[in-house]
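# Tertiary structure, described
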Amino acid sequence: MNKEEEPEKPARERALAVRKRVKGRKPDFKRQESWRYKRVKKSWRRPRGLDSKMRKRVKGWPQSVGVGYRGPREARGLHPSGYAEVLVWNVDDVVGVDPEKEAVRIAHKVGARKRVEILARAEELGVRVLNPGRIVEPVEEEFPEEELEEELPEEEEEKEEPIEEKEEKAEGAEKGEEES
């Protein structure tokens with residue numbers, strides 16, 4: 001009776017739940033002998049040696065990658081949020097996206113100006129953006145502009161006075177040369 005009352009989850013949600021469960025049980029696949037030698041990186045490589053214990057699946061050796069660890073077909077390639085990712089370079093690319101099934105990822109090379117336009121268009125269409133990034137708002141200045149304008153003329157007046165004095169001194173020096 002409980003099963004009849006509860007609405008069934010869509011296939012996509014069930015597949016995501018199964019994928020999460022399978023991924024939790026999946027071991028961290030290590031490259032053979034990576035724990036022994038520093039020069040051998042941990043990234044997975046298939047063991048190919050004739051006498052390799054790992055290839056032969058000897059008890060006590062790490063598990064090898066196999067098809068049985070694969071997730072359900074409906075969930076393959078999906079973002080953890082359950083949406084299929086669509087890479088976008090400009091505003092026109094957002095228009096063809098289905099907001100029910102797909103989410104947008106803005107390309108790395110897109111600049112700030114175009115990113116803002118894409119985000120605005122995606123919000124209009126109700127499309128989810130996977131990497132919205134930070135939008136930097138302009139910082140307000142600490143001093144109002146009026147105070148800065150008032151301070152500038154005072155400084156200019158102070159600078160002008162020595163210049164006039166220098167001119168007067170220069171004129172006086174010229175007169176002194178003419179007299180001698």
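Keep in mind that this is a model prediction, so the values were computed, not measured.

## Quick notes on the overall build of the chain
When helices and strands are tallied, the chain shows five helices and two strands. What you see in the chain, going N to C, is helices and strands ordered as α-α-β-α-β-α-α. Going through the 180 residues of the chain one by one, you find that 18% of them count as buried. Summarising the internal contacts of the chain: among those between residues at least 6 apart in sequence, 44% fall at separations of at least 24. About 15900 Å² of surface is accessible on the chain, with carbon and sulfur atoms providing 48% of the total.

## Points about the packing of aromatic side chains
In this structure the tally under the stated criterion is three aromatic pairs. Relative to tyrosine 69, the ring of phenylalanine 29 lies with its centre 5.1 Å away and its plane at 70 degrees, an arrangement referred to as edge-to-face. Of this pair, phenylalanine 29 sits in the loop between helix 2 (11-25) and strand 1 (84-88) while tyrosine 69 is found in the loop between helix 2 and strand 1, placing the two residues 40 residues apart along the sequence. Assessed through its relative accessible area of 18%, phenylalanine 29 is described here as buried. An aromatic cluster is built from Phe29, Trp44 and Tyr69, whose rings are joined through pairwise contacts. Here the guanidinium or amino end of arginine 39 rests over the ring plane of tyrosine 37, the centre of that ring lying 4.5 Å away.

## What to know about the nonpolar core
Counting twelve residues, the largest nonpolar core is built from Val88, Val94, Val97, Val104, Ile106, Ala107, Val110, Ile118, Leu119, Ala122, Val127 and Val129. Listing elements by their share of this core, those giving two or more residues are strand 2 (102-106) and helix 4 (112-125). The element that contributes the greatest number of residues to this core is helix 4, accounting for three residues. Not counting residues within four places of it along the chain, the set of residues in contact with valine 110 comprises Val88, Trp89, Arg115 and Ile118.

## Thoughts on the pattern of salt bridges
Inspection of the entire model under this criterion finds three salt bridges. Residues glutamate 85 and arginine 105 are paired through a salt bridge, measuring 2.8 Å at the closest nitrogen-oxygen approach. With glutamate 85 in strand 1 and arginine 105 in strand 2, this residue pair connects regions lying 20 residues apart in the sequence. Here glutamate 85 falls in the partly exposed class, since its relative accessible area comes to 40%.

## Here we look at helix 4
With 14 residues, helix 4 extends 20 Å from end C-alpha to end C-alpha; this agrees with the ideal 20 Å at 1.5 Å per step. Every buried residue of helix 4 is accounted for by Arg115, Ile118, Leu119 and Ala122. Taken around the axis of helix 4, the buried residues stretch over an arc of 100 degrees, which confines them to a single face. Structural note: helix 4 exposes Arg113 and Glu124 on the side pointing more than 90 degrees away from its buried face. Contacts made by the buried residues of helix 4 are with strand 1, helix 3 (91-95) and strand 2.

## Overview of the side chain of asparagine 131
Its place among the elements puts asparagine 131 in the loop between helix 4 and helix 5 (145-179). Within the structure, the side chain of asparagine 131 is placed 2.8 Å from the backbone nitrogen of isoleucine 106, a separation counted as a polar contact. When residues no more than four places from it in sequence are discounted, the contact partners of asparagine 131 are Val104, Arg105, Ile106 and Arg115.

## Details of unusual backbone geometry
Most peptide bonds take the trans configuration, and most residues that are not glycine carry a negative phi. With a phi angle near 70 degrees, glutamate 33 is a residue other than glycine that sits in the positive phi range. You can see glutamate 33 is positioned in the loop between helix 2 and strand 1. Backbone geometry places arginine 57, a non-glycine residue, at a positive phi of 60 degrees. Considering the arrangement of structural elements, one finds arginine 57 in the loop between helix 2 and strand 1. For arginine 57, a relative accessible area of 67% translates into the label exposed.

Cut-offs and rules
- Residues numbered from 1 in each chain as written.
- Predicted model: local features only at pLDDT ≥ 70, side-chain atom pairs only at ≥ 80, totals over all residues.
- Heavy atoms only, no water.
- Helix = DSSP H or I, 4+ residues; strand = E, 2+ residues; numbered from the N terminus.
- Buried < 20%, exposed > 50% of the residue type's maximum accessible area, 1.4 Å probe, protein only.
- Contact = heavy atoms within 4.5 Å.
- Areas by Shrake-Rupley, 256 points an atom, 1.4 Å probe, with all protein chains shown as cover.
- Phe/Tyr/Trp six-rings, centres within 6.5 Å; stacked < 30°, edge-to-face > 60°.
- Lys NZ or Arg CZ within 6 Å of the ring centre and 35° of its normal.
- Core = buried A, V, L, I, M, F, W, Y, C linked by side-chain atoms within 4.5 Å.
- Salt bridge = Lys/Arg side-chain N within 4 Å of Asp/Glu carboxyl O.
- Expected span 1.5 Å × (residues − 1).
- Arc of directions from axis to C-beta.
- Polar contact = N/O pair within 3.5 Å; in protein donor to acceptor, adjacent residues only side chain to side chain.

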